[in-house]
Amino acid sequence: MKIKKSTAAKTMILTLALIFLYLPIMTLVVYSFNDSKMVTIWTSFSFKWYGVLVEDSAIIKALVTSLTIAVMAAAASVIIGTMAAFVMVRVHSFTGESAFMLFMTAPMVLPEVVTGLALLLLYVTLGDFIPFFADRGIAAIWFAHVTFCSAYATVVIRSRFLELDTSIEEAAKDLGAGPLKVFFAVMLPALMPAEVAAFLLSFTMSMDDVVITSFIAGPESTTLPMLIFSSIRRGLSPEINALASIIIFVASIGTFIGWLSLVRKQKRIAADVAKANAEAKAEREKILLGSMRG
């Protein structure tokens, strides 16, 4: 009886938690199919705002800009994070090691307002000498996003570095592999799950950023979050509901594919373990049978 009550309580708590998390999202998705211009008043079911969204050149341009910056920032952050994690874990103690770790992870705890203001002052100061900083375009936003995304990538990849079996690397070196060969043939495949996780996290952080981008972006380089934020201040448009629903759908598909891949991998590992155990058992029985005959 106690087990049934415990299961019912857990089910109720889980249901309430899921409702709390996903009810606002489901409400947004439902109202994206509303025909009315008022986002809070339901009139009739319609795909009208999806059609309007496709024809809105400003939103499409902002989406392309955000995707371009996010992909470039995530790629650069993974490269920087991999190198930084390698130094933290594989390089022996060096002068300034603690300061290096502090500076690599500091953007994670600094308020975005402080980071954005610091980058703005940097761009203004160096803009008179270096054209890159004077141009508030995609490259400038990309540089700003890399400064904080690389910190998250470093933490994720470093945690994986700490779990690697160094004996495999030593065995590869004993077989004649050079440092680059060891890194690309042994270490990088083992790091790949963390590399993918760091890329996705950096991509999400870049796509979602508003505060830092607002300090840096010029008038011709508006990102999607900035456009959504400005449109909300003028009055929420049903187009935003449609856009958010598409983003939720794409993210859900990606999450489902990742979950399905993980489940298949776990099943494959379980099958390999079961096969190995069965072979070991058969070998033991064979040896025992041979000893009994002897």
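First things first, this report covers the structure right here in the doc. Quick caveat: nothing in here was measured; it's all calculated off a predicted structure.

About the cut-offs
- Residues numbered from 1 in each chain as written.
- Predicted model: local features only at pLDDT ≥ 70, side-chain atom pairs only at ≥ 80, totals over all residues.
- Heavy atoms only, no water.
- Helix = DSSP H or I, 4+ residues; strand = E, 2+ residues; numbered from the N terminus.
- Buried < 20%, exposed > 50% of the residue type's maximum accessible area, 1.4 Å probe, protein only.
- Contact = heavy atoms within 4.5 Å.
- Areas by Shrake-Rupley, 256 points an atom, 1.4 Å probe, with all protein chains shown as cover.
- Lys, Arg positive; Asp, Glu negative; His and termini not counted.
- Charge placed at Lys NZ, Arg CZ, Asp CG, Glu CD.
- Axes fitted to C-alpha atoms, helices over the stretch in contact; angles between N-to-C directions.
- Left-handed = near helix turned anticlockwise from the far one by under 90°.
- Nonpolar A, V, L, I, M, F, W, Y, C, P; charged D, E, K, R; others polar.
- Phe/Tyr/Trp six-rings, centres within 6.5 Å; stacked < 30°, edge-to-face > 60°.
- Salt bridge = Lys/Arg side-chain N within 4 Å of Asp/Glu carboxyl O.
- Parallel < 35°, antiparallel > 145°, perpendicular 65-115°, else oblique.
- Core = buried A, V, L, I, M, F, W, Y, C linked by side-chain atoms within 4.5 Å.
- Polar contact = N/O pair within 3.5 Å; in protein donor to acceptor, adjacent residues only side chain to side chain.
- Patch = residues over 30% accessible without salt bridge, like charges linked within 9 Å, V, L, I, M, F, W, Y side chains within 5 Å.

With that settled, consider the overall build of the protein. Within the protein one finds 12 helices and zero strands. Seen through its principal axes, the protein has C-alpha atoms that stretch 90 × 65 × 40 Å. A buried classification covers 28% of the 294 residues belonging to the protein. A sequence separation of at least 24 residues applies to 70% of the contacts in the protein between residues at least 6 apart. For the protein, the computed accessible surface area is about 19000 Å², with 71% contributed by carbon and sulfur atoms. Of note, the protein has its 24 positive side-chain charges centred 13 Å away from the centre of its 21 negative side-chain charges.

For the pair helix α4 (residues 97–109) and helix α7 (residues 138–161), the least separation of the axes is 7 Å and the interaxial angle reads 115°. Taken as a pair, α4 and α7 cross one another with a handedness that is left-handed. Judged by residue contacts, M101, M104, T105, P107 and M108 of α4 engage T147, F148, A151, Y152, T154, V155 and R158 from α7. For the contact of α4 with α7, a count of residues per class yields eight nonpolar, three polar and one charged.

Geometrically, a pair of aromatic rings is defined through the distance of the ring centres and the angle of the planes. Under the definition given, this model contains 11 aromatic pairs. Here the aromatic rings of F33 and F47 are separated by 5.4 Å at their centres, their planes lie at 85°, and the arrangement is edge-to-face. Placement of the pair is F33 in the loop between α1 (2–31) and α2 (48–55) and F47 in the loop between α1 and α2, with a sequence separation of 14 residues. With relative accessibility at 18%, the residue F33 sits in the buried group. For F47, a relative accessible area of 55% corresponds to the exposed category. Considering the side-chain rings of F45 and F47, the 5.3 Å spacing of their centres and the 90° angle between planes classify their relative orientation as edge-to-face. In this structure F45 comes out as exposed when scored by relative accessible area, which is 53%. Ring-pair connections join several aromatic residues into one group, and the members of that group are F33, F45, F47 and Y50.

Tallied over the full model, the rule gives one salt bridge. One salt bridge in this structure joins R160 and E163, with 3.4 Å as the shortest N-O distance. Since its relative accessible area comes to 28%, R160 is described here as partly exposed.

All right, on to the packing of α7 against helix α9 (residues 179–208) then. The N-to-C vectors of α7 and α9 enclose an angle of 150°; their axes lie 9 Å apart at closest approach. Taken together, the axes of α7 and α9 lie roughly antiparallel to each other. Relative to α9, α7 is oriented so that their crossing is right-handed. Contacts between α7 and α9 involve H145, F148, C149, Y152, A153, V156, I157, R160 and F161 from the former and M187, A190, L191, A194, E195, A197, A198, L201, S202, M205 and S206 from the latter. Across the contact of α7 with α9, the residue classes break down as 15 nonpolar, three polar and two charged.

By size, the foremost hydrophobic cluster in this structure holds 13 residues, and its most contacted members are L119, Y123, I141, A144, I212 and I216. Those elements that provide at least two residues to this core are α5 (112–126), α7 and α10 (211–216). Top contributing element to this core by residue count: α7, with five residues. The residues contacting L119, other than those within four sequence positions of it, are A144, T147, I212 and I216.

Let us now look at the side chain of S32. Within the element layout of this structure, S32 appears in the loop between α1 and α2. In terms of polar contacts, S32 uses its side chain to reach the backbone carbonyl oxygen of V29, at 2.5 Å. Apart from residues no more than four positions distant in its own chain, S32 is found in contact with S46, W49, Y50, N241, A242 and S245.

A surface patch of nonpolar side chains, about 740 Å² in accessible area, is lined by L14, L18, F20, L21, Y22, I25 and M26. Inspection of the secondary structure puts Y22 in helix α1.

Another aspect to go through is the side chain of S46. Looking at where S46 falls in the secondary structure, it is placed in the loop between α1 and α2. There is a polar contact of 3.0 Å between the side chain of S46 and the backbone nitrogen of K48. Sequence-distant contacts of S46, defined by excluding residues within four places in its chain, comprise S32, F33, N34 and D35.

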